[in-house]
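Overview (structure and organization)
Take a look at the letters that make up each chain.
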Amino acid sequence: MVQIPKTSAPPPPAQRSVPTSADVARLAGVSRATVSYVLNNTSAVRISEPTRRRVHQAAEELGYVPHAAARSLRAGHSRMVLMPAPDVPVGPLYSQFFNELQWALSRLEYTVVQYGGLGLRGDEAARAWAELRPVAVLAPGGGLGPRGVSVLKRSGARAVVTLGPERIEGAHALLMDHQEVGRSVGAHLLARRYRRVGVLVPEDPGLEIFSRPRLEGVRQALTGTDATVTEVPLAYDEKAAADLAGRWRSLGLDAVFAYNDEFAMLLMRALQDEGVGIPDETAVVGADDLMLGRLLRPRLSTVHIELPSGEELAELVDRAVREPSAEPEARVVLGAEVVHRESS
């Protein structure tokens with residue numbers, strides 16, 4: 001019998017020690033306080049640009065990053081701002097807004113975490129968010145109620161900010177009046193002498209918080225006139241748009257507010273494929289003022305929507321975190337203005 005000699009197992013690879021701010025300070029030739037000032041973007045202390053470069057180069061060479069938990073202990077609270085991911089398609093305009101907001105919050109030394117709890121709504125969502133102990137929560141859309149706000153505050157959230165159509169007790173509110181979007185389109189079409197107006201309503205139920213107020217806004221603008229409003233459901237799907245275009249002439253509409261630019265492009269292409277003239281037979285108006293709308297032929301009339309700057313909202317969050325007992329603010333932040341082009 002051949003005996004296989006026993007061999008000892010190879011030693012585990014030596015673990016490298018985690019770099020510290022003291023290591024960065026030694027390599028850069030500065031104090032630990034200077035490292036903290038530079039890497040935390042502290043504006044209250046003037047640090048020369050060459051020193052900043054040395055600190056950043058040393059941190060990169062060592063693989064050092066600041067410790068968020070330690071920073072939270074020094075501040076007495078976390079620096080995490082939680083932003084629940086929208087569970088509906090919000091489009092390029094709102095995506096750009098949220099990106100600007102995250103950048104502005106990071107400049108104020110907050111860590112922005114996007115929470116992807118698909119299917120969570122209302123108080124159930126608030127409890128899930130509270131488990132992460134954020135210092136602030138920015139909740140887009142509807143669904144969050146006073147009880148959910150209370151849960152978040154009892155878990156340590158100093159600021160809860162909602163972006164939606166109405167105020168929620170205990171929360172700062174950025175009110176988005178989407179009825180004004182519809183009113184502006186209704187007034188535009190009325191002034192252009194269109195009288196049989198269709199309003200496209202997306203079939204995605206998550207978009208109702210935007211689409212229903214826009215429909216109501218058109219109705220308000222045309223109330224007391226000889227114009228009529230017809231609700232036109234549509235899924236964001238090429239086949240659905242083609243089916244609608246195939247029976248378009250039977251609806252007897254001379255204009256349509258297509259909810260937003262993306263739905264307007266979908267419908268315009270289907271109508272043109274069906275031989276429906278735009279605007280000769282049907283005028284089309286979108287919303288959001290996307291660049292692609294200017295590239296269409298005919299160029300798309302739209303609503304330019306003015307959202308608050310990310311920097312402005314980040315300052316509101318920071319102020320609310322620093323003054324958690326202050327009375328919640330509420331402000332209307334959505335402006336709407338029709339941009340008239342060839343499609344209407």
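Summary of the structure given here. The model shown is predicted, which means the values in this text are computed figures rather than measured ones. (Residues numbered from 1 in each chain as written. Predicted model: local features only at pLDDT ≥ 70, side-chain atom pairs only at ≥ 80, totals over all residues. Heavy atoms only, no water.)

**Some thoughts on the nonpolar core**
Grouped together as the largest cluster of nonpolar side chains are 45 residues, with contacts concentrated most on Val81, Leu105, Leu138, Leu307, Leu313 and Val317. At 7 residues, the largest contribution of residues to this core is made by helix H5 (residues 91–107). Leave out the neighbours within four places in its chain, and Val81 touches Leu105, Tyr110, Thr111, Val112, Val113, Val135, Ala136, Leu138 and Val317. (Core = buried A, V, L, I, M, F, W, Y, C linked by side-chain atoms within 4.5 Å. Buried < 20%, exposed > 50% of the residue type's maximum accessible area, 1.4 Å probe, protein only. Helix = DSSP H or I, 4+ residues; strand = E, 2+ residues; numbered from the N terminus. Contact = heavy atoms within 4.5 Å.)

**A look at unusual backbone geometry**
Trans is the prevailing form of peptide bonds, just as negative phi is the prevailing case for residues other than glycine. For the bond from Ile278 to Pro279, the omega torsion is 5°, close enough to zero to count as cis. The topology assignment puts Pro279 in the loop between helix H12 (261–273) and strand E9 (283–285). In this chain, Arg297 is followed by Pro298 through a cis amide linkage whose omega measures 0°. Structurally, Pro298 is set in the loop between helix H13 (291–295) and strand E10 (302–306). Phi at Tyr259 is positive, roughly 70°, even though this residue is not glycine. Within the fold, Tyr259 resides in the loop between strand E8 (255–257) and H12.

**Focus on the packing of helix H2 (residues 32–39) against helix H3 (residues 49–62)**
Packing of H2 against H3 brings their axes to within 10 Å, and their N-to-C directions diverge by 90°. Here H3 runs roughly perpendicular to H2, going by the angle between their axes. Note on element contacts: H3 touches H2 through Thr51, Arg52, Val55, His56 and Ala59, opposite Thr34, Val35, Val38 and Leu39. The residue makeup of the contact of H2 with H3, split by class, is 5 nonpolar, 3 polar and 1 charged. (Axes fitted to C-alpha atoms, helices over the stretch in contact; angles between N-to-C directions. Parallel < 35°, antiparallel > 145°, perpendicular 65-115°, else oblique. Nonpolar A, V, L, I, M, F, W, Y, C, P; charged D, E, K, R; others polar.)

**Some thoughts on helix H9 (residues 208–222)**
Structurally, the α-helix is built with 3.6 residues per turn, so residues lying three or four positions apart point the same way. With 15 residues, H9 extends 21 Å from end C-alpha to end C-alpha; this agrees with the ideal 21 Å at 1.5 Å per step. For H9, the complete set of buried residues consists of Phe210, Ser211, Pro213, Arg214, Leu215, Gly217, Val218 and Leu222. Following H9 by one or two positions, Gly224 adopts a phi angle in the positive range, close to 85°. (Expected span 1.5 Å × (residues − 1).)

**Comments concerning the packing of aromatic side chains**
Per the counting criterion, the structure on display carries 2 aromatic pairs. With 5.7 Å between their ring centres and 85° between their planes, Tyr259 and Phe263 make a pair best called edge-to-face. An aromatic cluster is present here, built from Tyr236, Tyr259 and Phe263 joined pairwise through their rings. Sitting above the plane of the Tyr110 ring, Arg79 keeps its charged end 3.9 Å from the centroid. Just above the ring of Tyr259 sits the side chain of Arg214; from NZ or CZ to the centre is 4.9 Å. (Phe/Tyr/Trp six-rings, centres within 6.5 Å; stacked < 30°, edge-to-face > 60°. Lys NZ or Arg CZ within 6 Å of the ring centre and 35° of its normal.)

**Quick look at the sheet that holds strand E2 (residues 111–115)**
In a beta sheet, neighbouring strands pair by backbone hydrogen bonds and run either parallel or antiparallel. An order of E2-E1-E3-E4-E5-E11 is seen for the 6 strands of this open sheet, with the pairing classed as parallel. In this open sheet, the two strands that pair with only one neighbour each are E2 and strand E11 (330–332). Adjacent strand axes in the sheet meet at a mean angle of 15° when their direction is disregarded. In the sheet, strand E5 (residues 172–175) pairs with E11 via 3 bridges, with the strands oriented parallel. Opposite Leu175, over in E11, you have Val332 as the bridge partner. (Pairing = 2+ DSSP bridges.)

**Re the environment of Ala28**
Mapped onto the elements, Ala28 comes out in helix H1 (residues 21–28). When its relative accessible area of 7% is taken as the criterion, Ala28 is described as buried. Measuring from C-alpha to C-alpha, the distance between Ala28 and His56 comes to 8.7 Å, with 28 residues separating the pair along the chain. In contact with Ala28, other than residues within four places in its own chain, are Arg54, Val55 and Ala58.

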